[in-house]
2 protein chains.
Amino acid sequence: MITVPQIWAHLDGLAKPRRSLGRLEAMAARLAAIQQTLAPATRPRRLVLFAGDHGVVARGVSMWPSEVTSLMVGTILAGRASSSVLAKAHDCSLRLVDVGVAADPSPSPPPFFRYARVARGTRDLSVEPAMTPEQFEQAWNVGSDEAAAAIGDGNVVLLAGEMGIGNTTSTACLTALLANTTPENAVGIGAGADQSTLQTKQLIVSQAVERARPGNAQEVRGAIAALAGFEIAAMAGFFAAGARLGATLLLDGYVATAAALVAERLQPGTVSSMIAAHRSAEPGHGAALAHLELEPLLDWGMRLGEGTGALVALPLIDSAAALLREVASLSELGVARED
Amino acid sequence: MITVPQIWAHLDGLAKPRRSLGRLEAMAARLAAIQQTLAPATRPRRLVLFAGDHGVVARGVSMWPSEVTSLMVGTILAGRASSSVLAKAHDCSLRLVDVGVAADPSPSPPPFFRYARVARGTRDLSVEPAMTPEQFEQAWNVGSDEAAAAIGDGNVVLLAGEMGIGNTTSTACLTALLANTTPENAVGIGAGADQSTLQTKQLIVSQAVERARPGNAQEVRGAIAALAGFEIAAMAGFFAAGARLGATLLLDGYVATAAALVAERLQPGTVSSMIAAHRSAEPGHGAALAHLELEPLLDWGMRLGEGTGALVALPLIDSAAALLREVASLSELGVARED
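Residues numbered from 1 in each chain as written. Chains lettered and ligands numbered in written order. Predicted model: local features only at pLDDT ≥ 70, side-chain atom pairs only at ≥ 80, totals over all residues. Heavy atoms only, no water.

Draft legend 1. Molecular detail of the interface of chain B and chain A. Contacts between chain B and chain A engage 52 residues on the former and 52 residues on the latter. Both faces considered, chain B and chain A share a buried interface measuring about 4,500 Å² in area, 66% of it formed by carbon and sulfur atoms. Broken down residue by residue, the surface that chain B buries against chain A is led by W64, R80 and W300 of chain B, which jointly contribute 16%. Counting the contacts that link chain B with chain A gives four salt bridges. Between E332 of chain A and R80 of chain B there is a salt bridge, with its nearest N and O atoms 3.1 Å apart. Applying the counting criterion to the chain B and chain A interface returns 20 residue pairs in polar contact (both at pLDDT 80 or more). For the side of chain B that touches chain A, the secondary structure elements donating two or more residues are α2 (22–35), α3 (67–77), α4 (82–89), α13 (308–326) and α14 (330–333) of chain B. Ranked by residues supplied to the side of chain B that touches chain A, first place goes to α13 of chain B with nine residues. Partitioned by chemical class, the residues of the side of chain B that touches chain A number 30 nonpolar, nine polar and 13 charged. (Contact = heavy atoms within 4.5 Å. Buried area = accessible area lost by both parts, 1.4 Å probe. Salt bridge = Lys/Arg side-chain N within 4 Å of Asp/Glu carboxyl O. Polar contact = N/O pair within 3.5 Å; in protein donor to acceptor, adjacent residues only side chain to side chain. Helix = DSSP H or I, 4+ residues; strand = E, 2+ residues; numbered from the N terminus. Nonpolar A, V, L, I, M, F, W, Y, C, P; charged D, E, K, R; others polar.)

Written as structure tokens, this is what we have:
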């Protein structure tokens, strides 16, 4: 067992002014604590993207139609989406799992695609539960299997991302349910919403959360299923298995953080394997991160999803790992600390 | 000529919600404007480290002795300093130029080392000019030659860093002189200073700036020479030549920014080729960046120097370039903007 004081003693012994790399050192310390080594690894790494549609889109919560989910799945498969391009730039393998898209799937997908649909989109959470507890379990298992496979392939850092028009509505519901925040604070513009769309979204979120809120702790799983998306359930299972199996998890934006809230609630301790990549432009994201006691690396007003925030932050953890692994110690140089 | 509106029209046409990558898009726009292309490049890239000593160290402005400059030069040459490790992690070549170290040089340095000493350290700026205008010119030329050589070798992104015990004292003087800030605001702990060292440093900076402050605009070059370090003068020449020859400059921390202030004063327009990597823990750095109208990418409380902040930020500009170069446009996908 490597303790946090041992990690800081190592960092404070390196050939540089004490604590002079600020947040980079704090992140290095967290990475060492997660991996339980002073020589953490950040390669190989994999991003798994989960795609699913949302029945609630019929209520007008997004300015984009559900068809865009499948269109973006196609763009990812063609290597031309923001996530594909950033994954390639930062030496991160990518898989795409269709866990519940509504449209017909591509007839000849590439090998990094997996068809694992629970259903053709969730039901409309504004009028009925988005999914049954059994469907939640099924989507969760798709995610946990992906994490196990990624780790089996040797990956040490795992990233999850999502594609699903309407999923910030589901995310706002889960954030209000699990992070002690109000629906007003949990609702933002997502991928695009004008003022009237935003009001619709806020009303739907408050009513859905009110209806789903469980009377007792045992019912929380049912409440989560009533508000989730298949891609969110899958990401939650992915995080839970990843943490259990010893991976380092790099957390993306608002939707991924809703999955982290779910994972932490159902498997407490999951979040201690996580590093938060960024705080997004969505107002509820800050509340969700604070609830999980995660301090994000970047505060850049990103709100794209697809794992893009985690991919942008990925080389920052490479820096932290390199520092720990390779910088000389002052004692090797025969110098005493002066500061 | 590619205009800023043309660059934003391109970004706004990509297959993602409009402006959904926040600061990453702002940086992509700046990169495209600097390189005058919608397909900017970030490789190959080079970090040039300039090392020099400071006569003012005799006055007790740092908790580290001047010998540490040469010790750290040795550590960089051995590939074991923070800068060496981060440069390797991010595929950045490195050169180290001794432009004024006090100690005897290494007898058998590696090929990436250049011996180009102006003198064995500057004179004590608290009692006399740190260097003559001729020495300033000589150090500046060492830097501009390095930039020209780096660009001649094909590098498109240039980083500069420094090693020099005592150089935050010189930096504070130049910041107070050139960025309209007070000596009190310009002085921080640098690589290490306790309360009494800090008071000494503040007193020295105020007196030196008062003495050097030119009576008229023509004398500013003399005032800069009186307060600079050889490594700062060399970085200033490096930036000026890099900008003139079309490179993209990624700016490190407080000391490098003092060199940017010098370069901008002597060659106006230099800063428009720069992207600021981070805002350091030194209080004067924010004032210097604001004076240059630069918005830093990271605010991580780093204060190591050696180019480390620029190296940590380097992959962030890789993300911006990849986004511009490779993401599909909505029109290719046959979709109209909805947001």
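What follows picks up the thread again.
Draft legend 2. Examining the sheet that holds strand β4 (residues 157–163) of chain A more closely. Residue and element names in this part refer to chain A. Read across the open sheet, the six strands follow the order β3-β2-β1-β4-β5-β6; overall the sheet is parallel. On the outer flanks of this sheet lie β3 (113–115) and β6 (274–276), each paired with one strand and no other. Strand after strand, the sheet turns through a mean of 25° between neighbouring axes, direction not considered. Here three bridges tie strand β5 (residues 248–251) to β6, and the two strands are oriented parallel to one another. The partner of L249 across the bridge, within β6, is M274. Relative to β5, helix α11 (residues 254–266) is tilted by about 135°, and along the sheet it contacts β4, β5 and β6. (Pairing = 2+ DSSP bridges. Axes fitted to C-alpha atoms, helices over the stretch in contact; angles between N-to-C directions.)

Draft legend 3. Quick peek at unusual backbone geometry. Following R43 of chain A, the chain continues to P44 of chain A via a peptide bond in cis, the omega torsion being -5°. Within the secondary structure, P44 of chain A sits in the loop between α2 (22–35) and β1 (45–52). Even without glycine at this site, E306 of chain A takes up a positive phi of about 60°. In this structure, E306 of chain A sits in the loop between α12 (283–291) and α13 (308–326). The backbone of R19 of chain B shows a phi angle near 60°, a positive value even though the residue is not glycine. Structurally, R19 of chain B can be placed in the loop between α1 (4–12) and α2.

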